[in-house]
Amino acid sequence: MTALTPVLSSRWAEPRSWTLETYESGGGYVALAKALKSAPADVIRVVKDSGLRGRGGAGFATAAKWGYLPPDDGGPRYLVVNADESEPGTCKDVPLLMASPHLLLEGLVIAAYATGVRQAFIYLRGEVVHVHRRLLQALDEARAKGYLGRNILGSGLDLEVTLHAGAGAYICGEETALLSSLEGYRGQPRLRPPYPAVSGLYSRPTIINNVETIASLPGILGRGAAWFASMGTRDAKGHAFFSLSGHVNRPGQYEAPFGITLRELIQAAGGMRPGRRLKFWTPGGSSSELLTVKHLDVPLDHESVGAVGSQLGTRGIQVFDDTACVVRAVARWTDFYRHESCGKCTPCREGTFWLTQVLDRIEKGKGTRADLDRLLETCTSIRGRSLCALGDGATMTIVSSLEHFKAEYAAHIDGHGCPFDPRQTALFSSPGAKEADA
Amino acid sequence: MTYSDEARARLDKDAQRILARYPMKRSAILPLLHLVQSEEGFVSPDGIAFCAETLDVGTAEVSAVATFYTQLRRRPAGEYHVGVCTNTLCALMGGDAIWEALRDHVGVDHHGTTRDGKITLERLECNAACDYAPVVMVNWEYFDNQTPESVKELVDDLRAGKDVTPTRGADKVCTFKEVSRILAGFGDGRANEGPSAGPASLAGLETDGGRKGAAS
Ligand SMILES: Cc1cc2nc3c(=O)[nH]c(=O)nc-3n(C[C@H](O)[C@H](O)[C@H](O)COP(=O)(O)O)c2cc1C
Ligand code: SF4
Ligand code: FES
């Protein structure tokens, strides 16, 4: 049994956990003071030795990403924290920022010091107003205490941090779209290369990291690379949030080492709903291929999940039991991608539209067998032909659900309707819903 | 522009504080759009003109940006924005049933506003709270683990002018205009209200494994 490893969440249960006072009383900003006493190159080496990989979805090695920054030319370079958290199933950064905003700020100053940045931005989705309040206050507290601003802790480091509210657009979580949005344009992706590390915000070198990535830095610098690397698997080191939602008894945030399995996580979450069995799940949000009961013991690290044809992604694990209709689930996710497609390239804009049309008629019992081929063809024309990963993401649950649950699509077509009762899928009992048959 | 002199002076002052946060002026466009929403409750033609003037860009450019983002409203809407998450996870956990019950109860559809100007309904995409499904947002504050009954009561209270308290948020839900001002980057002194975390956020801490494995 893999033990959970609450690190970032370890102090969330404390009263007023969000204040600087509480954060400092638990040893907050000590790692920063320590980091500022070593050279920036040494900080980068500790991050490299820790094996930290980005927590925003792609799992790119953090120190390697920083290493792509060109040598200092005297001009500005920027650090942008990606706090747009909008991938369906992903719900870790928002509770982190609500409970412990200083964890992010401490990590941010460490990252800025290591990379030579003097101006940072936090791009926070707009639809979470209380998180804005907590971060605004934390920024004020940190400035007043000299953790931000000029000559931080007497080290000579100057750093300004601007909190920037998004305004509702999933695509702005994609790093190049985020930069367009932050520059004041429509949030549409840009072709890479050039990568942001070379030419990002205002065409200057820019590092973009996820909230959880940055918030992991105080622990790594405070307790050391070896401590961090002692958790996890060979290629995926450390602790990470596994966000469990859906038909488990205790949905929530489970911080664990990479390599934990869904079986272990479901056990920690008190099992499935009484009398129900696991049917399908997303390992990494809705932009990852669906897995099934066959995959309960797959170690949850990037390589192992990749080996079974999916992606670890954001670790937004959405769990559905045998009352859930996979066609309904996939149709709804696809509608999300249609709604959020930025419209810049044709395969994604047109493709997601067609996919929703076809899925909608299958769900309503008006589809044909030929529609199943049509779905796959459309997915093929989107995958790899879109400008950004949103287009690819739209196809993941469609293709994988057709692989694992083709018979269920056929049942909708042949039976001219959905064989499931949505009242049984809901978490509250509605009048007329059948009792769960144990 | 039809802003009163007083309003215009206030907006100008706030706009200068917003501009000071950015190395390049144009980056201030989203906070400025949130700011004009805090004045009128939506992005009006006056609001667009104000942003354009402040940033030295054309009004068409500001409109092109404003129409890209779903939180920016193009026409007057309710004092309380009530959003029901109907992305897959919430939808299947009961969000669809909540949406239907609410729509029938209030009598307006997606993006509709009640005649008393109190409530605007919207179906939302995932709001980063799937572990609290089904989720409802009122003026972007969390109402976790909802049911059709709880949500009907919630809108009845809002329409009756009663204060309502989010699950994880301030002590009471503020108006849409007040909330827009926070998104423009101006705190309202309510950061210390509400809990650190809800029960689902703490779930991993409260298992045996979590206590035993606590790496601190
Ligand atoms: C459509 C789309 C949405 C994304 N949304 C987010 C997001 O909300 N938060 C995030 O950190 N990364 C998101 N990403 C990934 C970012 O592009 C980027 O890889 C990440 O922020 C890098 O941070 P990391 O290296 O620390 O993981 C998204 C990517 C795509 C394609
Ligand atoms: S793939 Fe979709 S979201 Fe990405 S750039 Fe193309 S249209 Fe926009
Ligand atoms: S699906 Fe509703 S909050 Fe994520």
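Residues numbered from 1 in each chain as written. Chains lettered and ligands numbered in written order. Predicted model: local features only at pLDDT ≥ 70, side-chain atom pairs only at ≥ 80, totals over all residues. Heavy atoms only, no water.

Let's shift gears to the interface of chain A and chain B. Counting residues at the interface gives 89 residues for chain A, matched by 79 residues for chain B. For chain A, the biggest contributors to the area lost against chain B are Arg133, Arg332 and Phe428 of chain A; these three give 12% of the whole. Where chain A touches chain B, the interface holds 4 salt bridges. Between Arg133 of chain A and Asp188 of chain B there is a salt bridge, and its shortest N-O distance comes to 3.0 Å. Between chain A and chain B we count 43 residue pairs in polar contact (both at pLDDT 80 or more) in total. Of the residues contributing to the side of chain A that touches chain B, the split by class is 45 nonpolar, 29 polar and 15 charged. (Contact = heavy atoms within 4.5 Å. Buried area = accessible area lost by both parts, 1.4 Å probe. Salt bridge = Lys/Arg side-chain N within 4 Å of Asp/Glu carboxyl O. Polar contact = N/O pair within 3.5 Å; in protein donor to acceptor, adjacent residues only side chain to side chain. Nonpolar A, V, L, I, M, F, W, Y, C, P; charged D, E, K, R; others polar.)

Attention now moves to the domain arrangement of chain B. Per the domain assignment, the segments of chain B are domain 1 (5–66) and domain 2 (80–174). Measuring from the centre of the C-alpha atoms in domain 1 of chain B to the corresponding centre in domain 2 of chain B gives 29 Å. (Domains from an automatic or database assignment.)

This part covers the packing of aromatic side chains. Evaluation of the coordinates by the stated rule reveals 18 aromatic pairs over all chains. Centre to centre, the rings of Tyr78 of chain A and Tyr202 of chain A are 5.6 Å apart; their planes meet at 80°, and the pair counts as edge-to-face. Note that Tyr78 of chain A is positioned in strand 1 (residues 78–83) and Tyr202 of chain A in the loop between helix 8 (175–182) and strand 4 (206–210), a separation of 124 residues in sequence. With respect to burial, Tyr78 of chain A and Tyr202 of chain A carry one shared label: buried. With centroids separated by 6.0 Å and ring planes inclined at 70°, the aromatic side chains of Phe280 of chain A and Phe405 of chain A adopt a geometry described as edge-to-face. Of this pair, Phe280 of chain A sits in strand 7 (residues 278–282) while Phe405 of chain A sits in the loop between helix 17 (389–404) and helix 18 (406–414), and the two are 125 residues apart along the sequence. Taken together, Tyr78, Phe121 and Tyr202 of chain A together with Tyr22 of chain B form an aromatic cluster joined through their ring pairs. Over the aromatic face of Trp18 of chain A sits the side chain of Arg134 of chain A, whose NZ or CZ is 3.6 Å from the ring centroid. The lysine or arginine in question, Lys279 of chain A, covers the ring of Phe405 of chain A, its NZ or CZ lying 5.7 Å from the ring centre. (Phe/Tyr/Trp six-rings, centres within 6.5 Å; stacked < 30°, edge-to-face > 60°. Helix = DSSP H or I, 4+ residues; strand = E, 2+ residues; numbered from the N terminus. Buried < 20%, exposed > 50% of the residue type's maximum accessible area, 1.4 Å probe, protein only. Lys NZ or Arg CZ within 6 Å of the ring centre and 35° of its normal.)

What follows is about helix 17 of chain A. Residues and elements named next belong to chain A. Between its first and last C-alpha atoms helix 17 spans 23 Å; for 16 residues at 1.5 Å apiece the expected length is 22 Å, and the two agree. In the structure, helix 17 departs most strongly from a straight axis at Met396, where the bend amounts to approximately 25°. All of the buried residues along helix 17 are Leu390, Gly391, Gly393, Ala394, Thr395, Met396, Thr397, Ile398, Ser400, Ser401 and Leu402. Check the buried side of helix 17 and you find it contacts helix 14 (326–340), helix 15 (346–363), helix 16 (369–382) and helix 18. (Expected span 1.5 Å × (residues − 1). Bend = angle between axes of the 7 residues up to and from the residue.)

On to the nonpolar core, then. In terms of nonpolar packing, the biggest core is built from 117 residues, with Ile122 and Leu375 of chain A touching the most fellow members. If one sorts the elements of this core by residue count, helix 6 (residues 101–115) of chain A sits on top with 10 residues. Not counting residues within four places of it along the chain, the set of residues in contact with Ile122 of chain A comprises Val81, Ala83, Leu104, Leu105, Leu108, Leu135, Val161, Thr162, Leu163 and His164 of chain A. Tyr78 and Phe336 of chain A together with Tyr3 and Phe68 of chain B belong to the second-largest nonpolar core, a separate cluster that totals 52 residues. (Core = buried A, V, L, I, M, F, W, Y, C linked by side-chain atoms within 4.5 Å.)

Any residue range with low pLDDT should be treated as having predicted coordinates unsuitable for detailed reading. Confidence in the prediction for chain B averages 95 pLDDT; 96% of positions are at 70 or higher. Confidence estimates for the predicted assembly give a pTM of 0.97 and an ipTM of 0.97. (pLDDT = per-residue confidence, 0-100.)

Residue and element names in this part refer to chain A. It is at 9 Å that the axes of helix 16 and helix 18 come closest, and there the two elements cross at 135°. With respect to helix 18, the axis of helix 16 lies oblique. Crossing geometry of helix 16 relative to helix 18 is assigned as right-handed. Residues Arg369, Leu372 and Leu375 of helix 16 lie in contact with helix 18, whose contacting residues are Lys406, Tyr409, Ala410, Ile413 and Asp414. In terms of residue class, the contact of helix 16 with helix 18 is built from 5 nonpolar, no polar and 3 charged. (Axes fitted to C-alpha atoms, helices over the stretch in contact; angles between N-to-C directions. Parallel < 35°, antiparallel > 145°, perpendicular 65-115°, else oblique. Left-handed = near helix turned anticlockwise from the far one by under 90°.)

This paragraph deals with the site of ligand 1. Residues and elements named next belong to chain A. Near ligand 1 lie 18 residues; those nearest to it are Gly56, Lys65, Asn209, Asn210 and Thr213. One of the backbone N or O atoms of Glu175 is found 3.0 Å from an oxygen atom in ligand 1. Here an oxygen atom of ligand 1 sits 2.7 Å away from a polar atom, N or O, in the side chain of Thr213. For ligand 1, whose unbound accessible area comes to 620 Å², protein coverage reaches 89%. At a threshold of 2 Å from the grid points, most atoms of ligand 1 map onto the second largest pocket. Elements that contribute at least two residues to the shell around ligand 1 include exactly strand 4 and helix 17. Of the residues that constitute the shell around ligand 1, the class distribution is 4 nonpolar, 8 polar and 6 charged. (Near = heavy atom within 4 Å. Areas by Shrake-Rupley, 256 points an atom, 1.4 Å probe, with all protein chains shown as cover. 1 Å grid on protein atoms, 1.4 Å probe; cavity = no way out; pocket = protein on both sides within 12 Å on 5 of 7 lines; lining within 4 Å. Sits in = over half its atoms within 2 Å of the grid points.)

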